[in-house]
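For reference, the chains in residue letters:
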Amino acid sequence: MRRPLIAGNWKMNKLIPEAVEWVAGIQERLPGLPDAEIVLAPPFTHLAVLKLRLENDSLIKLAGQNMFWEPQGAFTGEISGAMLKSAGCEYVILGHSERRLFFHEDDAAINKKILSAQSSELKIILCVGETLEQRNGGQTEDVVKSQLQGALEGIEVDDDLVVAYEPVWAIGTGLTATPEQAQESHAFIRSILGSILTPEDSLKIRILYGGSVTPDNSRDLLGRPDIDGALVGGASLAVEKFCAIIASLN
Ligand code: PEP
């Protein structure tokens, strides 16, 4: 049985006082919500502050939105896996389409980051997904397959890995994959994971959907057999919306 995971990716949003207020809000509401693993990826500068707030809270876990593959050194502006770990992170998001697009990260770079994250004992949320052009050109499966194989080459994969299927055309656009489209891609991703691991072990890996998830569409998406949770961007900024998405797991 895969435990649902709902992750919030704040991207470059919120100042520390707003973040602290959000955490207080979710701590108040979570006890009444369905069971799920909750992961929050705030900006790096907020992590240690939020970790202090979450010290006695085992329900909410922190994630980095990115990291560099080197453990330390002269890499101005970068942050290592060990730094994320020491700031209280259990997870790191890698391969987000905004990293691929704006910071030119390719599968080889993501592969190095995964290796490095594993050596820092961070769990990985690996994002994959096609652009609209690729979808319209019938390339969705080829793209997702090569992103998965490229990122996971030589990596020992276990059920700590989380994959997020995030069609690029659905991120921050208000366009959402239909539950049928999402389920189809998730089932395909699981089949690829089955060829990397074994079909049986692929059943233990959680595959999240991301791309304009809101309380209005979450129930339909989360009800599909291979959709094990959501990676939520915009709607995670408002604690009420994020909690409504968690509530739709019921
Ligand atoms: C994301 O940033 O991973 C994301 C899915 O964003 P949004 O929910 O805003 O589309």
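Everything discussed here concerns the structure shown above.
Notes on the structure in this doc start here. (Residues numbered from 1 in each chain as written. Predicted model: local features only at pLDDT ≥ 70, side-chain atom pairs only at ≥ 80, totals over all residues. Heavy atoms only, no water.)

### A word on a nonpolar patch on the surface
On the surface, Leu101, Phe102 and Phe103 cluster together into a nonpolar patch covering about 360 Å² of accessible area. Structurally, phenylalanine 103 is set in the loop between helix 4 (97-102) and helix 5 (107-119). (Patch = residues over 30% accessible without salt bridge, like charges linked within 9 Å, V, L, I, M, F, W, Y side chains within 5 Å. Areas by Shrake-Rupley, 256 points an atom, 1.4 Å probe, with all protein chains shown as cover. Salt bridge = Lys/Arg side-chain N within 4 Å of Asp/Glu carboxyl O. Helix = DSSP H or I, 4+ residues; strand = E, 2+ residues; numbered from the N terminus.)

### Re the site of the ligand
For the ligand, the set of nearby residues contains 14 residues, the closest of which are Lys11, Glu166, Gly172, Ser212 and Gly234. Side-chain polar atom of asparagine 9 to an oxygen atom of the ligand: 3.2 Å apart, as the coordinates give it. Calculation on the ligand without its partners gives an accessible area of 300 Å², and the protein chains cover 96% of this total. Looking at the shell around the ligand residue by residue, the class counts come to four nonpolar, eight polar and two charged. (Near = heavy atom within 4 Å. Polar contact = N/O pair within 3.5 Å; in protein donor to acceptor, adjacent residues only side chain to side chain. Nonpolar A, V, L, I, M, F, W, Y, C, P; charged D, E, K, R; others polar.)

### Regarding the packing of aromatic side chains
All chains considered together, the criterion is met by five aromatic pairs. In textbook terms, an aromatic cluster arises when at least three aromatic residues are bridged by ring pairs, as seen for Trp10, Trp22 and Phe242. Note that arginine 99 overlies the ring of phenylalanine 103, its terminal NZ or CZ placed 4.0 Å from the centroid. Here the basic side chain of lysine 112 rests over the ring of tryptophan 69, its NZ or CZ set 4.1 Å away from the ring centre. (Phe/Tyr/Trp six-rings, centres within 6.5 Å; stacked < 30°, edge-to-face > 60°. Lys NZ or Arg CZ within 6 Å of the ring centre and 35° of its normal.)

### Overview of the pairing of strand 5 (residues 123-128)
Taken across its six residues, strand 5 has five buried, putting it largely inside the fold. For strand 4 (residues 89-94) and strand 5, the ladder comprises four bridges, and the chain directions are parallel. Bridging from a neighbouring strand, tyrosine 91 pairs with lysine 123 of strand 5. Relative to strand 6 (residues 162-165), strand 5 runs parallel, the two being bridged by four bridges. Counted as the bridge partner of isoleucine 125 is valine 162 from strand 6. (Buried < 20%, exposed > 50% of the residue type's maximum accessible area, 1.4 Å probe, protein only. Pairing = 2+ DSSP bridges.)

### A short note on the nonpolar core
By size, the foremost hydrophobic cluster in this structure holds 63 residues, and its most contacted members are Ile6, Ile26 and Leu126. Not counting residues within four places of it along the chain, the set of residues in contact with isoleucine 6 comprises Ala36, Glu37, Ile38, Val39, Leu222, Gly229, Ala230, Val232, Phe242, Ile245, Ile246 and Leu249. (Core = buried A, V, L, I, M, F, W, Y, C linked by side-chain atoms within 4.5 Å. Contact = heavy atoms within 4.5 Å.)

### Points about helix 7 (residues 140-152)
Helix length check: helix 7 (13 residues) gives 18 Å between terminal C-alpha atoms against 18 Å at 1.5 Å per residue, within 8%. Three or more residues of helix 7 are buried, namely Thr140, Val143, Val144, Gln147, Leu148, Ala151 and Leu152. Buried residues of helix 7, viewed axially, fall in a sector of 135 degrees; they line one side. Looking at the packing, one finds that the buried side of helix 7 touches helix 4, helix 5, strand 5, helix 6 (132-136), strand 6 and helix 8 (179-196). (Expected span 1.5 Å × (residues − 1). Arc of directions from axis to C-beta.)

### Comments concerning the pattern of salt bridges
The final tally for this structure, using the stated rule, is 16 salt bridges. One salt bridge connects glutamate 105 with arginine 99, and the closest N-O pair in it is separated by 3.0 Å. A salt bridge links arginine 100 to aspartate 107; the shortest N-O distance between them is 2.8 Å. Each member of the pair, arginine 100 together with aspartate 107, is buried. Because the salt bridges share partners, they merge into one network encompassing Glu37, Lys61, Glu90, Lys123 and Arg206.

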